[in-house]
4 protein chains.
Amino acid sequence: MISVAIVGANGYSGEELCAILARHPSARVVAVTSRQHAGKKIGDVLPRMAGRGAFSDLPFSEPSLPGLLASGAEYFFLALPHGLASEFAGPLFEAGRRVVDLSADFRLRDAATYREFYGEAHGAEHLLSLAVYGLPEVHREAIRQARLVASAGCYPTSILLPLVPLLRAGLIEAGDISVSSASGVSGAGRKAETSLLYGECNESLRAYGLPKHRHLTEIEQELSLAADRPVVISFVPHLSPMTRGIHTTIFTRPSPGTDPDAVLPALEEAYAQEPFVRVSKNLPDTKNVSGTNFCDISVRYDSRAKRLILLSAVDNLVKGAAGQAVQNFHLMAGLDEAAGLL
Amino acid sequence: MISVAIVGANGYSGEELCAILARHPSARVVAVTSRQHAGKKIGDVLPRMAGRGAFSDLPFSEPSLPGLLASGAEYFFLALPHGLASEFAGPLFEAGRRVVDLSADFRLRDAATYREFYGEAHGAEHLLSLAVYGLPEVHREAIRQARLVASAGCYPTSILLPLVPLLRAGLIEAGDISVSSASGVSGAGRKAETSLLYGECNESLRAYGLPKHRHLTEIEQELSLAADRPVVISFVPHLSPMTRGIHTTIFTRPSPGTDPDAVLPALEEAYAQEPFVRVSKNLPDTKNVSGTNFCDISVRYDSRAKRLILLSAVDNLVKGAAGQAVQNFHLMAGLDEAAGLL
Amino acid sequence: MISVAIVGANGYSGEELCAILARHPSARVVAVTSRQHAGKKIGDVLPRMAGRGAFSDLPFSEPSLPGLLASGAEYFFLALPHGLASEFAGPLFEAGRRVVDLSADFRLRDAATYREFYGEAHGAEHLLSLAVYGLPEVHREAIRQARLVASAGCYPTSILLPLVPLLRAGLIEAGDISVSSASGVSGAGRKAETSLLYGECNESLRAYGLPKHRHLTEIEQELSLAADRPVVISFVPHLSPMTRGIHTTIFTRPSPGTDPDAVLPALEEAYAQEPFVRVSKNLPDTKNVSGTNFCDISVRYDSRAKRLILLSAVDNLVKGAAGQAVQNFHLMAGLDEAAGLL
Amino acid sequence: MISVAIVGANGYSGEELCAILARHPSARVVAVTSRQHAGKKIGDVLPRMAGRGAFSDLPFSEPSLPGLLASGAEYFFLALPHGLASEFAGPLFEAGRRVVDLSADFRLRDAATYREFYGEAHGAEHLLSLAVYGLPEVHREAIRQARLVASAGCYPTSILLPLVPLLRAGLIEAGDISVSSASGVSGAGRKAETSLLYGECNESLRAYGLPKHRHLTEIEQELSLAADRPVVISFVPHLSPMTRGIHTTIFTRPSPGTDPDAVLPALEEAYAQEPFVRVSKNLPDTKNVSGTNFCDISVRYDSRAKRLILLSAVDNLVKGAAGQAVQNFHLMAGLDEAAGLL
């Protein structure tokens with residue numbers, strides 16, 4: 001059993017990490033932190049996690065570095081707000097521990113871009129070049145070698161998985177990509193904000209964060225890598241009245257000379273060996289991936305307008321957060337990539 | 001008081017017509033039809049409509065033409081499935097009655113297009129040229145003169161209202177328009193289909209009807225009129241877990257030479273006198289239009305990708321169906337356009 | 001036109017008051033207050049209320065007494081948290097204005113009970129005996145004469161309307177009443193609390209506030225009046241994943257000698273002339289009263305266990321708050337009781 | 001690996017069985033049946049079940065007895081409508097196979113009661129005395145020996161688990177029990193009925209099936225066994241706008257002489273060794289048990305009315321159906337009771 005710690009375990013992603021790791025066949029959670037709940041047992045703070053033996057009785061501790069180092073954990077999952085994650089990642093990294101960060105702190109290679117989009121200087125710039133972008137389907141080998149993995153976010157995962165293989169193969173026009181995504185409300189975190197109340201989100205569909213959503217940066221960074229040229233996209237995120245799930249619809253065009261009917265087979269081939277990507281003729285539906293680590297992908301060709309429409313669905317808390325983090329952990333630790341995730 | 005009839009009153013649009021007309025200051029419902037519920041009182045079939053005096057006691061009748069003509073109604077609202085509406089509209093029209101049709105049967109000017117998208121011949125082709133497309137903000141004067149109005153549908157309303165003034169003014173590129181819309185489940189009607197069950201729609205977001213949705217035809221017809229050239233768009237409708245509401249997000253580009261900052265003022269000016277269009281800097285939210293006849297519109301410019309993003313929201317059952325039909329009726333009958341709708 | 005003011009207009013009840021009064025045939029809103037939004041226009045703060053002419057442009061003012069008195073309003077709707085309402089009600093009352101209070105501050109006749117359940121002394125004890133409990137179906141004549149009406153709350157309305165006529169007629173056992181109610185989340189107000197987030201309320205059903213919910217006091221006060229003896233009940237409120245609506249299920253027993261089949265007719269007779277109570281054999285459903293001022297009531301007899309089961313449904317924001325307040329206002333002002341509420 | 005078959009795998013309970021058994025550590029699904037989908041692969045019919053290796057490629061077969069016997073399965077899970085289950089259970093039983101039936105067909109010991117509540121004669125009366133009521137916490141030893149287990153239903157599980165230990169210990173008055181339960185819509189099955197549409201269930205809370213719900217029979221049978229005297233209760237089921245979950249609120253009274261404070265400890269002791277019952281001071285919430293096999297239980301004493309209020313929550317598809325069935329299977333097969341269920 002490998003000892004792991006969850007730093008920031010009472011947000012939605014942290015709780016989902018608890019749910020996955022509590023029953024993990026080869027990981028044992030030795031520490032969970034929460035400033036707010038320090039001293040209380042997991043099972044008392046998160047009633048969903050009660051009744052799971054020793055795990056439920058584990059007390060939350062203050063998120064202090066000495067305490068974390070003393071916990072004996074080899075791997076640290078950071079489920080902290082951006083900005084705070086880098087405060088922990090640096091010292092843990094330097095102490096030789098392995099880190100899977102679920103925040104945006106280490107997803108960008110460029111500190112200037114971080115500053116532009118996040119409005120503050122990065123807390124640990126020197127680590128940016130060491131961190132690996134944690135999307136296993138794209139960077140599997142690098143993740144295997146990494147000691148600091150910046151687990152890919154929910155919107156990016158749903159956007160990158162359909163696009164990356166097509167950009168790599170030159171099948172679509174990198175200069176003409178528009179993305180409309182809709183997320184369940186858990187994507188905004190467990191924050192006491194009026195705009196996230198049930199009464200404000202139910203029977204409500206709305207766009208937000210326009211025109212310059214923070215996730216754009218990591219999306220375009222990875223798309224540009226895949227296309228081997230700078231890619232700029234339009235991205236409109238929406239909030240949909242559901243707890244979990246992200247659905248993404250992408251408008252693009254086939255490259256000149258590309259047979260539109262070759263796109264689905266190209267995606268099927270790209271993901272034939274992937275345990276968590278399901279390419280299908282059927283249109284994705286968030287409910288089919290809810291509670292799972294799958295990303296469902298499909299495509300349609302609009303022959304009238306000569307556009308390709310790519311569609312995908314993930315559970316924002318699993319493949320978009322906790323499940324992906326555990327998948328990254330598996331790669332780093334040499335475990336079966338799908339252990340406990342199917 | 002003007003006597004009106006609702007033909008097909010037990011679907012969602014028909015019930016919403018009942019709700020609006022039951023308290024209308026200058027219309028009196030003299031007949032409601034429902035094949036399934038003939039003989040029963042409105043208030044017993046639709047419990048929401050009970051307790052509203054004489055209206056609640058009105059019995060449903062069979063939808064027969066002689067019965068409708070004998071009812072004394074001057075105006076007929078047809079809330080029937082497409083194909084069936086034209087069977088009633090023709091004889092009513094020929095008998096000198098005025099018709100507001102909520103179906104798609106008379107929205108197209110071209111019978112061949114109808115056949116292509118609906119898979120069958122049109123039932124009353126000769127009326128197509130007499131019918132007026134019932135979107136008051138676009139065809140107000142024609143509606144005033146019309147005896148047969150094809151009330152605009154829900155997706156089209158949410159797409160046309162942001163686009164038409166911009167196409168008319170040449171502010172956007174008509175050749176580059178992609179639309180992603182999400183609708184509440186009532187948009188699919190009160191049909192006993194497994195895919196519309198609560199358990200299938202809750203916590204579910206999914207696209208459907210790709211790539212050639214029937215509503216495309218009327219949308220493109222009206223966009224082409226506005227642009228004065230053929231316009232072809234891409235349109236992806238989604239089902240969102242809510243009962244009411246349509247949210248539309250449109251990706252397009254400003255025309256060469258257009259100042260992106262001129263778009264919001266252009267929309268504000270176009271709709272300054274309209275009682276039911278609210279242009280604002282705030283992003284639209286379906287919950288703000290739910291139960292109302294408003295269409296909310298906003299716009300953002302994505303300067304990085306040089307795209308305009310237009311956003312709108314309507315209640316699919318009100319401005320997208322029953323409210324719009326009543327607004328059309330007001331125009332035809334010379335009534336205050338907003339009577340009972342604010 | 002009667003001039004009215006809404007004090008505390010940006011909570012859910014206050015917003016619903018705005019929606020009703022903005023289109024009221026004989027009331028004109030001359031002042032709306034909100035500490036948080038003072039200086040901003042209603043239509044900017046509450047986007048749902050935009051586009052409604054002069055009403056939308058009315059600015060929120062600070063809730064100061066001099067300002068309210070200077071507004072020219074004759075009637076004041078107080079949609080404030082309990083405790084705060086009594087600070088305004090007293091001076092307004094003493095200045096000769098008429099007050100409809102939507103809070104719990106004046107619902108109890110006994111200041112000691114207030115202290116026991118609300119944990120603090122009452123702010124205007126001397127007014128308790130002057131206030132009338134604002135449930136029109138029970139206290140219509142007193143409300144007509146009143147200058148201070150404590151509009152009945154949502155749970156109480158749904159519980160009292162089925163029970164009061166039966167207790168008055170001695171048809172049920174006052175000593176054996178258990179009530180299970182479920183409310184939509186808007187009942188908890190527009191408060192930035194984690195427990196009210198979409199992610200915490202969706203797919204969640206839970207009881208709360210046990211065993212001594214504050215609303216018990218006013219319920220038992222009114223039941224005791226109806227039964228002419230002290231009545232003590234058990235009451236379990238639940239939160240259900242919906243925005244609006246309260247459903248109440250009451251377990252009781254017929255009095256010795258009562259024919260269980262006489263209960264439905266007794267309810268029908270009691271409410272035959274009431275504009276907003278619908279007694280029916282059909283089981284109530286919150287969606288049928290949503291957005292309306294109706295209370296739906298039905299009853300079943302469980303002959304095996306010899307229990308009566310009473311069921312009711314109201315919209316917590318309309319008949320349970322704003323609609324009821326306006327109905328009370330109509331009585332106080334000698335207006336048509338149903339004006340603008342049907 | 002033990003070979004099992006799922007008969008009727010495309011309803012909600014059947015799909016949940018697929019989800020649990022697809023990753024079961026010691027069971028292998030060798031046959032799944034569906035009249036409607038025979039010949040198609042599981043992963044194509046139930047997109048949620050795609051991507052799970054060989055399991056996803058298993059084709060649905062017609063539910064024929066010879067086919068089932070030839071499949072090699074030792075255990076058969078019947079997820080069929082009542083009435084149909086007994087047609088399969090008999091022959092399978094007589095052929096020496098072991099059966100876990102999720103329908104109501106074998107839950108009653110008395111064929112006359114079945115006829116009274118289900119309106120038709122029982123199809124295999126001779127088996128009633130051989131079947132064991134499949135609630136492990138109550139009948140564990142009998143289930144271990146059984147060859148035909150009638151897995152307990154969702155409402156009964158949520159009602160029996162709080163009550164049985166208290167009735168056995170004589171702590172409550174068996175003659176005064178009223179139950180109000182609310183279920184998610186999946187409890188009604190995947191049936192194409194108008195009343196189960198999203199538009200009919202969202203923002204809706206309603207009672208149904210009054211006053212004589214079919215589940216009453218099995219509930220009272222088991223309560224009477226626990227109390228060792230006939231127990232008659234009142235039971236009001238409600239439909240709540242959520243997909244999964246049952247919440248139950250029970251009104252009863254402590255027996256004369258019972259210390260109300262002894263009730264929670266009595267429940268804690270009764271379930272101290274149970275893997276799937278969590279007794280707590282915290283009020284149950286369906287979202288905490290959603291997707292799990294747990295039943296959460298709590299209690300409050302209403303000292304004013306001298307009533308005990310018992311509360312519980314289960315996931316109707318897991319502990320109320322598929323999870324419970326698998327738990328029963330574990331007991332019958334001598335497996336770890338919690339395998340794959342935590």
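Structure's up top.
The rules we used
Residues numbered from 1 in each chain as written. Chains lettered and ligands numbered in written order. Predicted model: local features only at pLDDT ≥ 70, side-chain atom pairs only at ≥ 80, totals over all residues. Heavy atoms only, no water. Helix = DSSP H or I, 4+ residues; strand = E, 2+ residues; numbered from the N terminus. Rg over C-alpha atoms; globule rule 2.2 N^0.38 Å. Buried < 20%, exposed > 50% of the residue type's maximum accessible area, 1.4 Å probe, protein only. Contact = heavy atoms within 4.5 Å. Areas by Shrake-Rupley, 256 points an atom, 1.4 Å probe, with all protein chains shown as cover. Salt bridge = Lys/Arg side-chain N within 4 Å of Asp/Glu carboxyl O. Phe/Tyr/Trp six-rings, centres within 6.5 Å; stacked < 30°, edge-to-face > 60°. Pairing = 2+ DSSP bridges. Axes fitted to C-alpha atoms, helices over the stretch in contact; angles between N-to-C directions. Left-handed = near helix turned anticlockwise from the far one by under 90°. Buried area = accessible area lost by both parts, 1.4 Å probe. Polar contact = N/O pair within 3.5 Å; in protein donor to acceptor, adjacent residues only side chain to side chain. Nonpolar A, V, L, I, M, F, W, Y, C, P; charged D, E, K, R; others polar. Least-squares fit on C-alpha atoms with pLDDT ≥ 70 in both.

**Q** Hey, could you run me through the overall build of chain A in this one?
**A** Counting secondary structure elements, chain A contains 13 helices and 14 strands. For a compact globule of 342 residues, the expected C-alpha radius of gyration is about 20 Å, and chain A comes in at 20 Å, within 12% of that figure. Taking the principal axes of its C-alpha atoms as reference, chain A extends roughly 60 × 45 × 40 Å. Looking at the 342 residues of chain A, the share that counts as buried comes to 65%. The long-range share in chain A, meaning contacts at least 24 apart out of those at least 6 apart in sequence, stands at 69%. Summed over its atoms, the accessible surface of chain A is roughly 11000 Å², and 49% of this surface lies on carbon and sulfur atoms.

**Q** How should I be thinking about the pattern of salt bridges in this particular structure?
**A** Two side chains of opposite charge can pair, provided their charged atoms sit close to one another. Per the counting criterion, the structure on display carries 84 salt bridges over all chains. For the salt bridge of Lys41(C) with Asp57(C), the shortest nitrogen-to-oxygen distance reads 4.0 Å. Residue Lys41(C) is located in the loop between strand S2 (27–33) and helix H2 (42–45), and its partner Asp57(C) is located in helix H3 (residues 54–57); the two are separated by 16 residues in the primary sequence. Through salt bridges with shared partners, one network takes in Glu15(A), Glu16(A), Arg48(A), Arg190(A), Arg244(A), Asp315(A), Glu200(C), Arg206(C), Asp285(D) and Lys287(D).

**Q** Explain the packing of aromatic side chains to me, please; I cannot follow it from the model alone.
**A** Between two aromatic rings, the relevant description is the distance of the centres plus the angle of the planes. What the rule picks out here adds up to 24 aromatic pairs over all chains. With a centroid separation of 4.6 Å and 15° between ring planes, the pair formed by Tyr114(A) and Tyr118(A) is classed as stacked. Highlighted residues: Tyr114(A) and Tyr118(A), both in helix H6 (residues 111–118), separated by 4 residues, approximately one helical turn. Accessibility classification places Tyr114(A) together with Tyr118(A) in one group, the buried group. The interplanar angle of 70° and the centroid separation of 5.6 Å between the aromatic rings of Phe77(D) and Phe329(D) together place this pair among those described as edge-to-face. Here the residue Phe77(D) occupies a position in strand S4 (residues 75–78), and Phe329(D) occupies one in helix H13 (residues 318–333), the gap between them amounting to 252 residues. Across the pair, Phe329(D) and Phe77(D) agree in class, each one buried.

**Q** Please explain the sheet that holds strand S9 (residues 206–207) of chain C as it appears in this structure.
**A** Strands pair in a sheet through their backbones, by hydrogen bonds, and they do so in one of two ways: parallel or antiparallel. Residue and element names in this part refer to chain C. Overall, mixed pairing links the 7 strands, which are arranged S9-S10-S8-S11-S14-S13-S12 in an open sheet. Every interior strand has two partners, whereas the edge strands, S9 and strand S12 (277–279), have only one. Relative to strand S13 (residues 295–302), S12 is paired through 3 bridges, and the arrangement is parallel. When the bridges of S13 are listed, Val279 appears paired with Ile297.

**Q** How should I be thinking about the packing of helix H7 (residues 136–145) of chain B against helix H13 (residues 318–333) of chain B in this particular structure?
**A** Helix-helix packing is described using two parameters, namely the angle between the two axes and the distance between the axes. Residues and elements named next belong to chain B. Direction vectors running N to C along H7 and H13 enclose 35°, while the axes themselves pass 9 Å from each other. For the element pair H7 and H13, the recorded crossing hand is right-handed. Seen from H7, the contacting residues are Pro136, Glu137, Arg140, Ile143 and Arg144; seen from H13, they are Lys319, Gln324, Gln327, Asn328, Leu331 and Met332.

**Q** Looking at this structure, how should I read the interface of chain D and chain C?
**A** Interface size is commonly expressed as the accessible area that is lost once the parts come together. Between chain D and chain C, the residue contacts involve 48 residues of the former and 48 residues of the latter. Between chain D and chain C the total buried area reaches about 3800 Å² when both faces are included, carbon and sulfur atoms providing 53% of it. Linking chain D with chain C are 8 salt bridges, by the criterion used here. A salt bridge links Glu200(C) to Lys287(D); the shortest N-O distance between them is 3.9 Å. Taken together, the links from chain D to chain C amount to 28 residue pairs in polar contact (both at pLDDT 80 or more). If one sorts the elements of the side of chain D that touches chain C by residue count, strand S8 (residues 178–183) of chain D sits on top with 4 residues. Of the residues that constitute the side of chain D that touches chain C, the class distribution is 22 nonpolar, 12 polar and 14 charged.

**Q** Sorry, what's going on with the interface of chain B and chain A here?
**A** Counting from both sides, the interface comprises 49 residues of chain B and, opposite them, 49 residues of chain A. The largest contributions to the chain B side of the interface with chain A come from Glu203(B), Leu205(B) and Arg304(B), which together make up 20% of the buried area. For the pair chain B and chain A, the interface holds 8 salt bridges. At the junction of chain B with chain A, the criterion picks out 28 residue pairs in polar contact (both at pLDDT 80 or more). Class assignment for the residues of the side of chain B that touches chain A results in 23 nonpolar, 12 polar and 14 charged.

**Q** How should I be thinking about the relation of the copies chain B and chain A in this particular structure?
**A** A rotation about some axis, followed by a shift along it, carries one copy of the chain onto the other. Note on the identical chains: chain B maps onto chain A by a rotation of 180° and an axial translation of 0.0 Å, with an RMSD of 0.0 Å. Interpreted geometrically, this transformation is the action of a two-fold axis. Judged by C-alpha distance, Pro241(B) is the residue of chain B that lies nearest the rotation axis, at 3.1 Å. In this assembly, 100% of the residues forming the interface of chain B have copies in chain A that are likewise at the interface, indicating an isologous arrangement.

**Q** Just to check I follow, could you spell out the sheet that holds strand S3 (residues 60–61) of chain B for this structure?
**A** Residues and elements named next belong to chain B. Read across the open sheet, the 7 strands follow the order S3-S2-S1-S4-S5-S7-S6; overall the sheet is parallel. The sheet terminates laterally at S3 and strand S6 (132–134), the two strands that pair on one side only. Sheet topology note: the strand S2 (residues 27–33)/S3 ladder contains 2 bridges and is parallel. Note on S3: the bridge partner recorded for Val32 is Phe60. Against the sheet, helix H5 (residues 84–94) makes contact with strand S4 (75–78), strand S5 (98–101) and strand S7 (148–151), and its axis sits at roughly 170° relative to S4, the strand it touches most. Taken strand by strand, H7 contacts S5, S6 and S7, and its axis lies near 135° from that of S6.

**Q** What exactly am I supposed to notice about the pairing of strand S4 (residues 75–78) of chain A here?
**A** Residues and elements named next belong to chain A. Side chains Tyr75 and Phe77 project from S4 onto one buried face, and the interleaved Phe76 and Leu78 project onto a second face that is buried too. Of the strand pairs in this sheet, strand S1 (residues 2–7) and S4 are connected by 4 bridges, and their pairing is parallel. Within S4, the residue paired with Ile6 across the bridge is Phe77. Relative to strand S5 (residues 98–101), S4 runs parallel, the two being bridged by 4 bridges. By the bridge assignment for S5, Phe77 is matched with Val100.

**Q** Could you clarify how one ought to interpret the relation of the copies chain D and chain C in this entry?
**A** Screw-axis analysis of chain D against chain C gives a translation of 0.0 Å along the axis, an RMSD of 0.0 Å, and a rotation angle of 180°. When the interface residues of chain D are mapped onto chain C, 100% of them are again interface residues, pointing to one common binding face.

**Q** Honestly, helix H5 (residues 84–94) of chain C in this entry has me stumped. Any pointers?
**A** Residue pairs three or four apart in sequence face the same way in an α-helix, which turns once every 3.6 residues. Residue and element names in this part refer to chain C. Those residues of H5 that fall on the buried side of the exposure criterion are Ala85, Ser86, Phe88, Ala89, Gly90, Leu92 and Phe93. Lining the buried residues of H5 we find helix H4 (65–70), strand S4 (75–78), strand S5 (98–101) and strand S7 (148–151). At the C-terminal side of H5, Gly96 shows a positive phi close to 85°.

**Q** Which parts of the structure should I look at to understand the environment of Ala322(A)?
**A** Residues and elements named next belong to chain A. Within the element layout of this structure, Ala322 appears in helix H13 (residues 318–333). Look at Ala322 and you get buried, because its relative accessible area is 0%. Distance from Ala322 to Pro265, taken between C-alpha atoms, is 30 Å for residues 57 residues apart in sequence. Non-local contacts of Ala322, meaning those with residues more than four positions away in its chain, are made with Ser13, Glu16, Leu17, Ile20, Leu102 and Leu317.

**Q** Any chance you could explain the environment of Ala182(D) here in plain terms?
**A** All names here are of chain D. Note on placement: Ala182 falls in strand S8. Residue classification places Ala182 among the buried residues on the basis of a relative accessible area of 8%. For the pair formed by Ala182 and Leu167, sequence separation is 15 residues and the distance between their alpha carbons is 23 Å.

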